[in-house]
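Structural features, examined
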Amino acid sequence: MNFIKADVLEGRNGFPPSCLVSLLDQESGDTLNLVGPESLAADLTSVEPFEELVVELKWRRVDLAALGGSGRGKAYRLSVVRVADGGAV
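The paragraphs below set out a description of the structure included in this document. These figures come from a predicted structure and were not determined experimentally. (Residues numbered from 1 in each chain as written. Predicted model: local features only at pLDDT ≥ 70, side-chain atom pairs only at ≥ 80, totals over all residues. Heavy atoms only, no water.)

1. A closer look at the layout of surface pockets
Estimates place the volume of the largest pocket at around 270 Å³. Of all the elements, strand β3 (residues 31-37) adds the most residues to the lining of the largest pocket, at 3 residues. Together, Asn33, Leu34, Val35, Lys58, Trp59, Arg60, Arg77, Leu78 and Ser79 line the second largest pocket. A breakdown of the residues in the lining of the second largest pocket according to their chemical character gives 4 nonpolar, 2 polar and 3 charged. (1 Å grid on protein atoms, 1.4 Å probe; cavity = no way out; pocket = protein on both sides within 12 Å on 5 of 7 lines; lining within 4 Å. Points joined across faces, edges and corners; volume = space filled by probe spheres on them. Helix = DSSP H or I, 4+ residues; strand = E, 2+ residues; numbered from the N terminus. Nonpolar A, V, L, I, M, F, W, Y, C, P; charged D, E, K, R; others polar.)

2. Concerning the pattern of salt bridges
Taken as a whole and judged by the stated rule, the model has 2 salt bridges. Notably, a salt bridge pairs aspartate 7 with lysine 5, separated by 3.4 Å at the nearest N-O pair. Among the residues examined, aspartate 7 registers a relative accessible area of 31% and is labelled partly exposed. Of the charged contacts, one joins glutamate 56 and arginine 82 as a salt bridge, the two residues approaching to 2.8 Å between their closest N and O atoms. Here arginine 82 lies in strand β5 (residues 75-88) and glutamate 56 lies in strand β4 (residues 53-62), a separation of 26 residues in the sequence. For glutamate 56, a relative accessible area of 32% translates into the label partly exposed. (Salt bridge = Lys/Arg side-chain N within 4 Å of Asp/Glu carboxyl O. Buried < 20%, exposed > 50% of the residue type's maximum accessible area, 1.4 Å probe, protein only.)

3. Things to note about the nonpolar core
Ranked by size, the top nonpolar core spans 13 residues in total, and within it Phe3, Val21, Leu23, Leu40, Leu44, Leu53 and Val80 carry the most contacts. Elements with a contribution of two residues or more to this core: β2 (18-24), α1 (40-43), β4 and β5. The greatest single-element share of this core, amounting to 3 residues, is contributed by β2. (Core = buried A, V, L, I, M, F, W, Y, C linked by side-chain atoms within 4.5 Å.)

4. A closer look at the environment of lysine 58
By secondary structure assignment, the location of lysine 58 is in strand β4. Distance in space between the C-alpha atoms of lysine 58 and glycine 29 is 21 Å, their sequence separation being 29 residues. Beyond its immediate chain neighbours, meaning those up to four positions away, lysine 58 contacts Arg77, Leu78, Ser79 and Val81. (Contact = heavy atoms within 4.5 Å.)

5. Focus: the pairing of β2
Burial runs high along β2: 6 of the 7 residues are buried. Across 7 bridges, β2 lies against β3 in antiparallel orientation. Bridged to serine 22 within β3 is asparagine 33. The hairpin formed by β2 and β3 contains 6 residues between the paired strands, and glycine 29 there has a positive phi angle of roughly 80°. (Pairing = 2+ DSSP bridges.)

If you want it as structure tokens, here you go:
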């Protein structure tokens, strides 16, 4: 993954402050906008845009039927846990 940017999001409506991290997957060309803990922003201050980055993700399966879908297929909610040891590659 290549780092694009990180923005701190204010807490509101009962949700705590967090960090929105934008990453580029070079293989697919997709941009991923992932949420992580607010403290993640400090870990990313020294990372330059488009620098390769290793992050630890956590995932949770999303019930598509509960969201009005057919229930077929699989979807996952991904979030950044931390920058992996070594950080930038």
